[in-house]
Amino acid sequence: MPTETLGHPPYSPDLSTSDLHLFRPLKKHLSGRYLRTDAKVQAFFVKCLRDLHPGFFYADFDRLTHRWHKCFNYHGDYVEK
């Protein structure tokens, strides 16, 4: 049985990945630091991600999944949070 691929609107505020709130903790960790090389930036970023509690990611992915279902049920129309 063939599966149907659903199209995704070019912009959907309901499914925005920025809702992961990843930049707030990174901004907090970067405050007052000056990293001189790309390698130091990458290493620092990886360390910050590893230091985050796993629940940080699970809670946001659960919220995103919930919004996916809402968006699907409204046939792609805008859904208020």
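Residues numbered from 1 in each chain as written. Predicted model: local features only at pLDDT ≥ 70, side-chain atom pairs only at ≥ 80, totals over all residues. Heavy atoms only, no water.

## Observations concerning the overall build of the protein chain
Phase 1: Helix and strand content of the protein chain: 3 helices and 0 strands.
Phase 2: Walking the protein chain from its N terminus toward its C terminus, one meets helices and strands in the order α-α-α.
Phase 3: The burial tally for the protein chain puts 19% of its 81 residues in the buried class.
Phase 4: If you take every contact in the protein chain between residues at least 6 apart in sequence, the share linking residues at least 24 apart comes to 63%.
Phase 5: Here the protein chain has roughly 7,200 Å² of accessible surface; of this, 59% comes from carbon and sulfur atoms. (Helix = DSSP H or I, 4+ residues; strand = E, 2+ residues; numbered from the N terminus. Buried < 20%, exposed > 50% of the residue type's maximum accessible area, 1.4 Å probe, protein only. Contact = heavy atoms within 4.5 Å. Areas by Shrake-Rupley, 256 points an atom, 1.4 Å probe, with all protein chains shown as cover.)

## Section: the nonpolar core
Phase 1: In terms of nonpolar packing, the biggest core is built from 5 residues, these being Leu22, Leu26, Phe44, Cys48 and Leu52.
Phase 2: Setting aside chain neighbours within four positions, we find Phe44 in contact with His29, Leu30, Arg33 and Leu35. (Core = buried A, V, L, I, M, F, W, Y, C linked by side-chain atoms within 4.5 Å.)

## Considering the pattern of salt bridges
Phase 1: Tallied over the entire structure, the rule returns 1 salt bridge.
Phase 2: Put simply, Lys47 and Asp51 hold a salt bridge, and the shortest N to O gap is 2.6 Å. Of this pair, Lys47 and Asp51 are both found in helix 2 (residues 38-51), 4 residues apart, which corresponds to roughly one turn of the helix. (Salt bridge = Lys/Arg side-chain N within 4 Å of Asp/Glu carboxyl O.)

## Brief notes about the packing of helix 1 (residues 23-30) against helix 2
Phase 1: One way to put it is that helix 1 packs onto helix 2 with a least axis distance of 10 Å and a crossing angle of 120°. With respect to helix 2, the axis of helix 1 lies oblique. The way helix 1 lies across helix 2 gives a crossing that is right-handed. Of the residues in helix 2, those in contact with Leu26, His29 and Leu30 of helix 1 are Phe44, Phe45 and Cys48.
Phase 2: A breakdown of the residues in the contact of helix 1 with helix 2 according to their chemical character gives 5 nonpolar, 1 polar and no charged. (Axes fitted to C-alpha atoms, helices over the stretch in contact; angles between N-to-C directions. Parallel < 35°, antiparallel > 145°, perpendicular 65-115°, else oblique. Left-handed = near helix turned anticlockwise from the far one by under 90°. Nonpolar A, V, L, I, M, F, W, Y, C, P; charged D, E, K, R; others polar.)

## Description of the confidence of the model for the protein chain
Phase 1: Looking at the protein chain, pLDDT values average 76 and 70% of them are 70 or higher.
Phase 2: The least confident element of the protein chain is helix 3 (residues 54-73), whose mean pLDDT is 79; the most confident is helix 2, at 91. (pLDDT = per-residue confidence, 0-100.)

## What about helix 3?
Phase 1: An ideal rise of 1.5 Å per residue puts 28 Å on 20 residues; helix 3 measures up with 29 Å between its terminal C-alpha atoms.
Phase 2: Where helix 3 is concerned, the buried positions are Asp60, Leu64, Arg67 and Cys71. Buried residues of helix 3, viewed axially, fall in a sector of 60°; they line one side. Across helix 3 from its buried face, at more than 90 degrees, point the exposed residues Tyr58, Asp62, Phe72 and Asn73. (Expected span 1.5 Å × (residues − 1). Arc of directions from axis to C-beta.)

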